[in-house]
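Given next are the chains, with one letter for each unit.
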Amino acid sequence: MFIENLRFSLNATVPVFLMMVFGYFSKKVGLLDDHTTAKLNKFVFRTLLPALLFMDLSTADFKAVWDGRFVLFCMIVTFISVSVACLYSLLHKDRYERGEIIQAAYRSSAAILGIAFVKNIYGEATMAALMIVGTVPLYNIIAVVTLSLTSPDRENQKGGRQLFLSTLKGIVTNPIILGIIVGILWSVIGIPQPVILQKSVTYLGNMATPLSLIALGASFKAEEAKDKLPVTLGIVFIKLVLFCAIFLPVAVHFGFRGEKLIAILVMLGSATTGSCFVMAKNFGHKGSITALAVMMATLGSAFTLTGWLFVLKTLNYI
């Protein structure tokens, strides 16, 4: 079981890491430059990631599998996780980088990894879809707020009213949030998807992960990341170890088992998602901490997720 879980986790995470490495070396040999990478980040943020989330959510049957208690648990844990991440960010002197720290510490690869991970173990991913409903909208709304409030461009804004309005506009017009809302409404209303639409959205959604990871790798600047290693190690520890150690026993106490517990594990302990970097760059942040956190968390999660799976299986919770 341990070897099988290790093999599965490595198969899930190593290709992700290799895509980042591919992007990094593409920049080094001149296939990509800063201008192209910036455009690629915007393209992923505004079109591909919304398409990916719409693709995952619009086809999920939420009416049939709805579990309000489970969704509420995911939402509450997300809020507490954000609070812990905020407290950790206060230890960092540069306030303009605190938004990156907060986002990288709480935001998981729930939408990208969650469904694949749960489906690989149980053959279906209905609970993963419910977990996405309880977390991904919050992930993105909180990310927009924190990245806006800590943006280096904030100094150019006049007064609290303008800051509030610009933050609210950022939430309402955020393409990722719009993709989530449209996807959920599409599923709840039960609108049939024509084959042409389904295939077109699938093509776009399937491009989101590889292109975002290539852009991340191409944007990674090793010289800027050297000084960020200590704070990034803290982020990775919080993301992969601390949240699981705190909240998995709580989930077990509330009676969550099997597929639901695996979905919670993915929510808590999967690697920081590459879309964090795309969002950070689009809000004017350097992205150095985020890029390093995604790389380190992706590599480390292959082993920590396997460890948590082994513990849960040994205790007969899954």
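The following paragraphs examine the structure supplied in this document. Just so we're clear, the structure is a prediction, and the values are computed from it rather than from any experiment.

### Concerning helix 9 (residues 175-189)
At step 1: For helix 9, which comprises 15 residues, the first-to-last C-alpha distance of 21 Å matches the rise-based estimate of 21 Å (1.5 Å per residue) to within 8%.
At step 2: Every buried residue of helix 9 is accounted for by P175, I176, I177, G179, I180, G183, W186 and S187.
At step 3: Within two residues after helix 9, G190 carries a phi angle of roughly 80°, on the positive side.

### Description of unusual backbone geometry
At step 1: Positive phi values are uncommon outside glycine, yet N316 reaches one of about 60°.
At step 2: Relative to the elements of secondary structure, N316 occurs in the segment after helix 15 (288-314).
At step 3: Among the residues examined, N316 registers a relative accessible area of 66% and is labelled exposed.

### What about the packing of helix 4 (residues 68-89) against helix 5 (residues 98-106)?
At step 1: The contact between helix 4 and helix 5 brings their axes to 8 Å, and the two run at 140°. Considered as vectors, helix 4 and helix 5 are oriented oblique to each other. Considering the relative orientation of helix 4 and helix 5, their crossing is right-handed. Across from S81, V82, A85, C86, Y88 and S89 in helix 4, the residues of helix 5 making contact are R98, I101, I102, A105 and Y106.

### With respect to the nonpolar core
At step 1: Core analysis: the largest hydrophobic core is formed by 68 residues, its most contacted members being I264 and L268.
At step 2: No other element matches the 11 residues that helix 7 (residues 126-149) contributes to this core.
At step 3: Among the nonpolar cores identified, the runner-up in size contains seven residues, and M20, L213, L216 and F277 belong to it.

### Remarks on empty space enclosed by the protein
At step 1: Across all of its chains, the model carries two cavities of 30 Å³ or more by this definition.
At step 2: As a volume, the second largest cavity reaches approximately 50 Å³.
At step 3: Taken together, V77, T78, S81, Y106, Y139, F243, M267 and L268 make up the lining of the second largest cavity.
At step 4: The set of elements that each furnish at least two residues to the lining of the second largest cavity consists of helix 4 and helix 13 (258-269).
At step 5: Its residues placed into classes, the lining of the second largest cavity shows six nonpolar, two polar and no charged.

### Considering the pattern of salt bridges
At step 1: Following the criterion strictly, the structure yields two salt bridges and no others.
At step 2: Notably, a salt bridge pairs K27 with D34, separated by 2.7 Å at the nearest N-O pair.

### Considerations on the packing of aromatic side chains
At step 1: Considering all chains together, one arrives at seven aromatic pairs under this definition.
At step 2: With a centroid separation of 5.1 Å and 55° between ring planes, the pair formed by F73 and F256 is classed as tilted. Highlighted residues: F73 in helix 4 and F256 in the loop between helix 12 (229-253) and helix 13, separated in sequence by 183 residues. This pair shows no difference in class: F73 is buried, exactly as F256 is.

### Some remarks on the side chain of T78
At step 1: Tracing the chain through its elements places T78 in helix 4.
At step 2: Its relative accessible area of 3% is what places T78 among the buried residues.
At step 3: There is a polar contact of 2.7 Å between the side chain of T78 and the backbone oxygen of C74.
At step 4: Dropping the residues within four chain positions of it, T78 is found in contact with T135, L138, Y139 and M267.

Thresholds applied
- Residues numbered from 1 in each chain as written.
- Predicted model: local features only at pLDDT ≥ 70, side-chain atom pairs only at ≥ 80, totals over all residues.
- Heavy atoms only, no water.
- Helix = DSSP H or I, 4+ residues; strand = E, 2+ residues; numbered from the N terminus.
- Expected span 1.5 Å × (residues − 1).
- Buried < 20%, exposed > 50% of the residue type's maximum accessible area, 1.4 Å probe, protein only.
- Axes fitted to C-alpha atoms, helices over the stretch in contact; angles between N-to-C directions.
- Parallel < 35°, antiparallel > 145°, perpendicular 65-115°, else oblique.
- Left-handed = near helix turned anticlockwise from the far one by under 90°.
- Contact = heavy atoms within 4.5 Å.
- Core = buried A, V, L, I, M, F, W, Y, C linked by side-chain atoms within 4.5 Å.
- 1 Å grid on protein atoms, 1.4 Å probe; cavity = no way out; pocket = protein on both sides within 12 Å on 5 of 7 lines; lining within 4 Å.
- Points joined across faces, edges and corners; volume = space filled by probe spheres on them.
- Nonpolar A, V, L, I, M, F, W, Y, C, P; charged D, E, K, R; others polar.
- Salt bridge = Lys/Arg side-chain N within 4 Å of Asp/Glu carboxyl O.
- Phe/Tyr/Trp six-rings, centres within 6.5 Å; stacked < 30°, edge-to-face > 60°.
- Polar contact = N/O pair within 3.5 Å; in protein donor to acceptor, adjacent residues only side chain to side chain.

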